[in-house]
Amino acid sequence: MAESVYDVAIIGAGIVGAACADEAAAAGLRVAVIERGPIGGGATAAGMGHIVCMDDSEAQFALTHYSRTLWTQLAPQLPADVEYTACGTLWVAADDEEMAEVLRKAAYYSARDVQTTVLDAGQLAQAEPNLRTGLPGALLVHDDAVIYPPCAARFLLERAQARGATLCIGEVAAIDAGATLVASVALTNGRTIAAATVVNATGAWAPELTPGLQVRRRKGHLVITDRYPGFVRHQLVELGYLKSAHRVSADSVAFNIQPRTTGQVLIGSSRQFGDEGTGVNEAILNRMLARASEYMPGLAGLSALRIWTGFRAATPDKLALIGPCPGRERLYLATGHEGLGITTSLGTAKLLVDQLTGRKPAIPFEPYLPGRVTAKEAAHG
Amino acid sequence: MHKQSLACDVLVIGGGPAGIAAACCAAESAQRAILLDDNPALGGQIWRGKANSQATRWIDRARQAGVQIVGGAQVFAVSAREDRRTVLAQTETPEGLCTVQCERAILATGARERFLPFPGWTLRGVTGAGGLQALVKGGWPIAGKRVVVAGSGPLLPAVAAFLKTHGADVQLVAEQAPWSRLVNFGMGLALRPAVAMQALSLFPQLVGVPYHAGCHVTATHGARGALTAVTVRQGERTWQVDCDYLACGFNLVPNLELPVLLGCAVQDGFAAVNEWQESSQPGVYCAGELTGIGGLERSLIEGQIAGYAAAGEKGRQRARALFAQRRDLYTYAARLNHAFALGDALKTLASADTIVCRCEDARRAQLDEIAPGSWRAAKLHTRCGMGACQGRVCGPSLSFLYGWPIEATVSARPPLFPVRLETLAATGQQEPNQHETTGEKR
């Protein structure tokens with residue numbers, strides 16, 4: 001039987017769903033959040049937790065920059081277990097061509113009020129003594145940060161609950177969000193949750209609930225080491241990352257490592273389409289670690305504690321889907337964040353609630369509207 | 001980096017009694033057998049560090065049978081190949097990566113002590129019962145030190161006797177199981193003369209040591225981070241005992257990481273096996289304490305049955321001849337496990353601020369807050385079980401405190417142990433025996 005009617009029922013309590021719940025509850029909406037497993041147990045748990053400003057496109061810059069600003073504002077309120085650390089990102093150049101990219105990137109960011117510093121070879125070696133010698137330099141983006149995402153998701157969800165949101169534990173069987181007055185979500189345990197609007201915030205699993213969505217699973221691997229305090233000081237990303245992450249089809253790896261507050265080193269990254277298993281792919285793990293060791297030879301002797309995999313929710317144009325689902329007027333989407341869900345969760349929540357309430361958005365939401373990507377089979381149910 | 005790859009018919013993982021016996025029987029049945037152990041020397045926990053004629057006999061027998069023994073090899077990953085007919089184990093040795101491919105695998109990874117958290121258990125001087133015994137075997141000075149041995153299981157009087165013969169002043173053995181159960185178990189012992197003799201032979205050393213049943217430690221007291229005394233409770237009575245060491249162990253739990261990783265079914269906390277010691281995964285056998293806690297004799301019999309059974313039809317005839325012996329030992333093991341079942345009172349020992357995961361300093365209150373509670377949610381939100389021990393200590397204790405199935409708290413993904421990154425990187429390289437071309441341009 002249907003229970004009381006909510007203004008919005010959000011499916012998924014990953015960091016995106018939790019942020020949306022928090023923002024919607026803050027805006028005075030009556031919110032239900034539906035989660036089948038632990039809070040932040042999907043890509044939120046699998047990801048690195050890098051809060052980063054990106055410049056692949058103007059739209060990507062706008063959302064990441066806006067979101068990063070929101071994180072900076074939220075930081076003083078975050079509990080210690082979220083481990084917010086403004087360590088900055090170092091975009092490492094491997095050759096002169098990439099050093100030219102450092103300068104271009106510096107100019108791009110400077111023009112948009114993002115604080116950066118260009119490091120030459122000597123400054124880079126001083127900033128990160130464990131990098132290999134002979135690297136020409138890097139771009140330091142100052143206000144980028146690192147967090148521990150599962151606890152961030154839990155903080156946001158608990159704040160949403162304190163603001164009146166309800167958490168429902170259960171697995172969704174079906175969404176009914178057609179042209180009726182009220183949408184509803186049926187759970188496998190027999191419950192039905194009725195709401196004016198349903199939000200699918202289930203990351204890479206979104207197409208299972210909303211068939212036809214252009215969201216694919218892009219698998220990633222991460223390795224975490226034992227504690228080596230001071231071994232790495234900034235989030236380090238190779239500039240070649242842009243080349244590899246941009247490639248939409250082929251498997252790729254990049255040097256992308258992060259210092260944790262525990263002194264552990266988190267080592268990434270890999271991107272694969274078509275591997276749906278959660279198991280470790282040894283061949284790509286080998287490539288990933290080899291790549292990391294090329295930049296940081298001392299890594300080879302460190303002790304690895306755990307390896308895990310996760311799935312990014314990838315869209316064809318590498319931008320998130322935030323807004324109404326075409327053909328299903330009571331269904332909204334908040335997914336497709338690929339590798340930027342932790343960063344852009346806060347901005348996503350703002351833009352979603354702006355649309356739900358008719359509020360004036362701080363940045364244009366049009367670039368992220370799901371309608372831009374034609375759904376193959378819209379209007380199910 | 002150095003990379004070695006080996007192949008065999010039967011791979012035995014774990015060089016304790018069950019593993020040694022399994023390797024012997026497989027090799028004597030015309031199988032190419034490899035025996036891996038993480039320690040440089042064979043023997044496992046029970047035969048570690050002492051000249052023992054029984055151990056020597058078995059190890060000699062393995063050598064004579066042609067078992068290839070690889071010591072100092074830590075198995076950090078194991079997987080069934082796609083054809084489901086071969087199993088690949090990846091190990092780290094002091095020289096680097098060593099992989100072993102086999103037709104059949106016998107897992108004999110034994111058990112470890114379960115530790116339960118209580119206020120002050122992280123003080124210096126609080127150790128595992130078997131842990132303190134191992135330290136003393138390694139030369140740790142214990143003479144003249146006041147020791148309390150507490151927890152549960154037949155290991156406690158054995159440890160107390162061992163410590164006493166090494167000069168320790170054993171103040172008390174606190175066994176949590178009530179007398180009523182122990183007496184029943186004792187009656188059973190009379191039916192097993194060999195075991196009864198073993199237990200009785202401990203008594204001379206235990207003269208003068210109070211053995212309290214239905215008794216447990218509720219708190220510790222310390223100064224400058226070191227233990228000075230413990231509070232013990234027996235029924236309604238509590239009192240304080242001054243001591244330098246508290247050696248604690250609450251029974252044994254099986255090391256299920258390898259069987260769970262291979263997809264073997266677990267039943268009632270142990271690897272499930274058929275009469276041939278074969279798990280739910282064809283070609284994967286389990287022997288010894290993986291399948292139940294029951295002492296040395298039981299492990300030796302199970303190891304032999306597994307070793308013969310893994311050798312095919314002929315071996316299975318020899319295995320069958322051992323079934324009756326195993327049946328007797330199972331009756332003993334069942335009585336033992338019933339006698340020393342952990343009481344619910346132990347679940348209330350840890351207070352809100354008691355540390356439950358020592359690697360990550362997670363406290364009980366943090367775990368209590370998580371709703372809905374599960375091992376995975378606890379890991380994600382408190383980091384418990386995420387440290388270097390990979391949950392081997394806190395997994396079994398939280399399984400008891402929160403009623404989670406033990407197999408749900410097993411960290412069954414590679415690497416099963418911390419492993420050097422260069423070793424990990426070597427696992428994905430294409431051709432195992434080829435030397436890496438140096439200076440290869442990527």
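**Q** Can you lay out the overall build of chain B for me, pointing to particular residues and giving the numbers?
**A** Along chain B, the regular secondary structure elements total 15 helices and 22 strands. The burial tally for chain B puts 56% of its 442 residues in the buried class. Of the roughly 18,900 Å² of accessible surface on chain B, a fraction of 52% belongs to carbon and sulfur atoms.

**Q** Describe the overall build of chain A, listing the residues and the values that go with them.
**A** The number of helices and strands found in chain A is ten helices and 18 strands. Relative to the compact-globule value of 21 Å for 381 residues, chain A shows a C-alpha radius of gyration of 21 Å, a close match. Considered along the principal axes of its C-alpha atoms, chain A spans approximately 65 × 45 × 40 Å. Counting all 381 residues of chain A, 60% fall into the buried class. Restricting the contact set of chain A to residue pairs at least 6 apart, pairs at least 24 apart contribute 75%. Mean positive and mean negative side-chain charge positions of chain A (33 and 37 charges, respectively) differ by 2 Å.

**Q** Tell me about the domain arrangement of chain B, and please be specific about residues and values.
**A** Residues and elements named next belong to chain B. Taken domain by domain, chain B holds domain 1 (3-112 + 253-337), domain 2 (115-250) and domain 3 (345-409). Relative placement of domain 2 and domain 3: their C-alpha centres are 25 Å apart. Listed per partner, the contact involves 13 residues of domain 2 and 13 residues of domain 3. Across the domain 2/domain 3 interface, buried area totals approximately 1,100 Å², and carbon plus sulfur atoms make up 73% of it. Three residues stand out in domain 2 for area buried against domain 3, namely Leu116, Pro117 and Trp121, and they jointly supply 47% of the buried area on that side. For the pair domain 2 and domain 3, the interface holds two residue pairs in polar contact (both at pLDDT 80 or more). Looking at which element gives the most residues to the side of domain 2 that touches domain 3, the answer is strand 12 (residues 215-223), with three residues.

**Q** Kindly report on the sheet that holds strand 8 (residues 126-128) of chain B, identifying the contributing residues and their values.
**A** All names here are of chain B. The parallel open sheet is built from five strands, whose spatial order is 8-15-9-10-11. Here the strands that pair on one side only, and so sit at the sheet edges, are strand 8 and strand 11 (211-213). Here the strands of the sheet are splayed against their neighbours by 20 degrees on average, with no regard to which way each runs. In terms of strand pairing, strand 9 (residues 146-152) meets strand 10 (residues 169-175) through six bridges, oriented parallel. In the sheet register, Ala150 faces strand 10, and the bridge partner there is Ala174.

Definitions and limits used
Residues numbered from 1 in each chain as written. Chains lettered and ligands numbered in written order. Predicted model: local features only at pLDDT ≥ 70, side-chain atom pairs only at ≥ 80, totals over all residues. Heavy atoms only, no water. Helix = DSSP H or I, 4+ residues; strand = E, 2+ residues; numbered from the N terminus. Buried < 20%, exposed > 50% of the residue type's maximum accessible area, 1.4 Å probe, protein only. Areas by Shrake-Rupley, 256 points an atom, 1.4 Å probe, with all protein chains shown as cover. Rg over C-alpha atoms; globule rule 2.2 N^0.38 Å. Contact = heavy atoms within 4.5 Å. Lys, Arg positive; Asp, Glu negative; His and termini not counted. Charge placed at Lys NZ, Arg CZ, Asp CG, Glu CD. Domains from an automatic or database assignment. Buried area = accessible area lost by both parts, 1.4 Å probe. Polar contact = N/O pair within 3.5 Å; in protein donor to acceptor, adjacent residues only side chain to side chain. Pairing = 2+ DSSP bridges. Axes fitted to C-alpha atoms, helices over the stretch in contact; angles between N-to-C directions.

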